[in-house]
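Structural overview
Chain residues, written in single-letter form:
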Number of protein chains: 2
Amino acid sequence: MPSHKNRKVTQMDVARYAEVSTGTVSRVVNNIPLVDGPTRTKVLRAIEELGYIPNHAAQALAQGRTKSLLLLILDKQPILPSTWQYELPVLQGINDYIKKHGYTLQIEITNYGQGETAEDVGDTILRGRSVDGLLILTSWEIDEEMLRKIHGYAIPAIFIGNGPYRCGGHPVGASVRFDNYSVIRETYRILYGLGHRRIAFIKGSTDQIHSSIRLSAFLDAAAESGTELPGPYLAEGHYSVQGGYQAMYGFARLTERPTAVICANDLMAIGAMKAAAELDIPVPRELSITGFDDIEISEYLSPPLTTVRVPAYDLGKNGASLLIRQIEQGTPPEDTLLPAAIVLRKSTDKNAG
Amino acid sequence: MPSHKNRKVTQMDVARYAEVSTGTVSRVVNNIPLVDGPTRTKVLRAIEELGYIPNHAAQALAQGRTKSLLLLILDKQPILPSTWQYELPVLQGINDYIKKHGYTLQIEITNYGQGETAEDVGDTILRGRSVDGLLILTSWEIDEEMLRKIHGYAIPAIFIGNGPYRCGGHPVGASVRFDNYSVIRETYRILYGLGHRRIAFIKGSTDQIHSSIRLSAFLDAAAESGTELPGPYLAEGHYSVQGGYQAMYGFARLTERPTAVICANDLMAIGAMKAAAELDIPVPRELSITGFDDIEISEYLSPPLTTVRVPAYDLGKNGASLLIRQIEQGTPPEDTLLPAAIVLRKSTDKNAG
DNA sequence: CTGTTAGCGCCTTCAG
DNA sequence: CTGAAGGCGCTAACAG
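Everything numeric here is computed off the predicted structure, so don't read it as measured data.

Observations concerning the domain arrangement of chain A
Residues and elements named next belong to chain A. Parsing chain A into structural domains produces domain 1 (11–54), domain 2 (68–178 + 313–338) and domain 3 (180–310 + 342–352). Summarising the inter-unit geometry, the C-alpha centres of domain 2 and domain 3 are found 31 Å apart. Opposite the 9 residues of domain 2 that make contact, domain 3 presents 9 residues. Buried area between domain 2 and domain 3, summed over both chains or domains, comes out near 1,000 Å², and the portion from carbon and sulfur atoms is 60%.

Focus: the packing of helix H5 (residues 81–100) of chain A against helix H12 (residues 312–329) of chain A
Geometrically, a packed helix pair is captured by the angle between its two axes and the distance between the axes. All names here are of chain A. At a closest axis distance of 6 Å, the pairing of H5 and H12 adopts a crossing angle of 40°. Judged by the inter-axis angle, H5 sits oblique to H12. Between H5 and H12 lies a crossing of right-handed hand. Listed contacts from H12 to Tyr-86, Pro-89, Val-90, Gln-92, Gly-93, Ile-94, Asp-96, Tyr-97 and Ile-98 of H5 are Ala-312, Tyr-313, Leu-315, Gly-316, Lys-317, Ala-320, Ser-321 and Ile-324. Tallied by class, residues from the contact of H5 with H12 come to 11 nonpolar, 4 polar and 2 charged.

As for the interface of chain A and chain B
Accessible area lost on assembly of the parts is the figure often given for the size of an interface. Facing the 47 residues of chain A at the interface are 47 residues of chain B. Counting across the chain A and chain B interface gives 2 salt bridges. Across the salt bridge formed by Glu108(B) and Lys99(A), the nearest N and O atoms sit 3.5 Å from each other. Joining chain A to chain B, the criterion identifies 8 residue pairs in polar contact (both at pLDDT 80 or more).

Digging into the protein's contact with DNA strand D
Taken together, 26 residues sit near DNA strand D, with Arg27(A), Asp36(A), Thr39(A), Gln11(B) and Tyr52(B) positioned nearest. The sugar-phosphate portion of DNA strand D accounts for 71% of its atoms within 4 Å of the protein, the bases making up the rest. Between Asp36(A) and DNA strand D, the recorded distance is 2.7 Å, taken from a backbone N or O atom to a phosphate oxygen. With respect to DNA strand D, the side chain of Arg27(B) contributes an N or O atom lying 3.2 Å from a base nitrogen. Counting residues per element, the ones that place at least two in the surface near DNA strand D are helix H2 (22–29) and helix H4 (56–63) of chain A together with helix H2 (22–29) and helix H4 (56–63) of chain B. Its residues assigned to classes, the surface near DNA strand D shows 10 nonpolar, 11 polar and 5 charged.

Notes on the pattern of salt bridges
The full count for this structure, using the stated rule, is 19 salt bridges over all chains. Within the structure, one salt-bridge network assembled from shared partners comprises Arg185(A), Arg189(A) and Glu224(A).

Rules used in this analysis
Residues numbered from 1 in each chain as written. Chains lettered and ligands numbered in written order. Predicted model: local features only at pLDDT ≥ 70, side-chain atom pairs only at ≥ 80, totals over all residues. Heavy atoms only, no water. Domains from an automatic or database assignment. Contact = heavy atoms within 4.5 Å. Buried area = accessible area lost by both parts, 1.4 Å probe. Axes fitted to C-alpha atoms, helices over the stretch in contact; angles between N-to-C directions. Helix = DSSP H or I, 4+ residues; strand = E, 2+ residues; numbered from the N terminus. Parallel < 35°, antiparallel > 145°, perpendicular 65-115°, else oblique. Left-handed = near helix turned anticlockwise from the far one by under 90°. Nonpolar A, V, L, I, M, F, W, Y, C, P; charged D, E, K, R; others polar. Salt bridge = Lys/Arg side-chain N within 4 Å of Asp/Glu carboxyl O. Polar contact = N/O pair within 3.5 Å; in protein donor to acceptor, adjacent residues only side chain to side chain. Near = heavy atom within 4 Å.

What follows is the structure, given as structure tokens:
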């Protein structure tokens, strides 16, 4: 593919060069079968030799589709590293999938609720249907106003990590999530199976959607097992190291200290481990601790942390896949729930009590 | 803004409704001053009432510009959490800046060198000039082939985090970086000022561009200070917890153990601290340790880690700003070097030797 | 100041 | 199977 000085090679140039009409070039470019072998070859050579590349805007205008998707990331906080850790593999999953399918990705990060109104959000996309579909990534609950707006776009949409949502009767996009509930319940059962009967839970900020699901999974599991009622064994850790640390100090003060603590994320588990170390409570001998997220360092803690690995990459991949299918084949969206995996490491063990 | 059933409201509709021509509508939309007050008002009302939104593709086609930028993320590894930590604030900085200026962001993540050739990369952008400018984000050295390709695009480009580069004589895009060199040198000096004379360095993977700069900063600082020649005080830690851990074990074996260790990132510092703990070397009493990146947990380690905070957000913001200025005003690109800040915490102290 | 009219580059009927 | 031609929605140069 030699380099060419001339700025823009157009379909017309190719047509002339190959001695055919622009219509034929178009057919070749779009892989429409109704083209004779030799003609197609001629055209392909012309394209190659001239270094022709179709103009995206012109295609979009003529076909009424852009082959572009918008990933809308809704976050309330300016930046939250632990959230990024989850969101980036999702982005990567989307990226990898759509690239294979000839789509392009636009992205917009928006601090909805912090200075931006629902009106601002996705202004980009409205600006002239510059996108064929919408992926919405957030760990927060989506309010009515936002839902109405998304629904108003009348564009295929997928929620990643939450939903499904409805707006005024009908669904607003499909949902691709991972199973927060089952994995926490399973974690509880494993601990129970190890002989633990006083199992505590450090929850995260309650307005985060994953947080409330994890909490109810814990509560349900506790109820099912007929163990101690959670009451004092429940603390708020705000998803931070600090929060986990303080929560653990609270638990340690109880006369009947928990023998296991499930944390709604790894950072809180790290805080809890730190507190346990300070309080001379050996982990896992006298206290089992579990986390959630499997962040990079969890493996290197002392002891290495038992935690949950979230299928973030697959979340993105599946979301993109569903969305593209819907766009191209009109397949009605179908909600998906991916499993999350427990990673057993050394921070959990049999109850020695 | 009432909702409208009709699919697409076009400029023509607005023109008819406001009883003007499409040209006038266009002028209003584009804020071209040559429109009479009353006329403008009429048009604006019509736009409002009909819910008109200009079609992006049509604008792009007519004006030959897309008001869209491409962020190209080049990474060799599939996913590297520590890299994400740095790249996401950059993305956020870009996002925030361009949104204010009416630009849209496309993103492409590419594993150059792992299955993808330079030919594949940025295929998106080539596909019809669907973008006005290019931001390139990577921590790796960029090879000649890639440079030639980027240069061939003949599109404004900015390198974030590396560069500046040249290709066959002339520069290929401007560069926005942060000052790896000075901050490591300064770290060395601070340690020297604290009385340390045996200062070791754990470097990262040498093909990462930041890594080699940090290394030479260390070497230069050591030479300037006339302290022990680095020789044995230099180890490779591959930017991982594991690597830092092993490197520290190596240092501990020396007859003249270093009294301070500078690590090229926080993960390695964590590994080093872990090793120190196992070896019963108190930090910071007998060993000062510093990191780089200021990742989320560094603040909560025992002791909290002295490290370097990278201006990632500003990197993105400045990159976007430079790029847009270049696109809109043709201002020649100007390389930028942002300062990085040392965050002094408890892992460093006077040399007690 | 405003209307008219060519395109922008490509797709897609409609003939042939 | 292929060429011709209208049109996607908007902008910009040119009249008036």
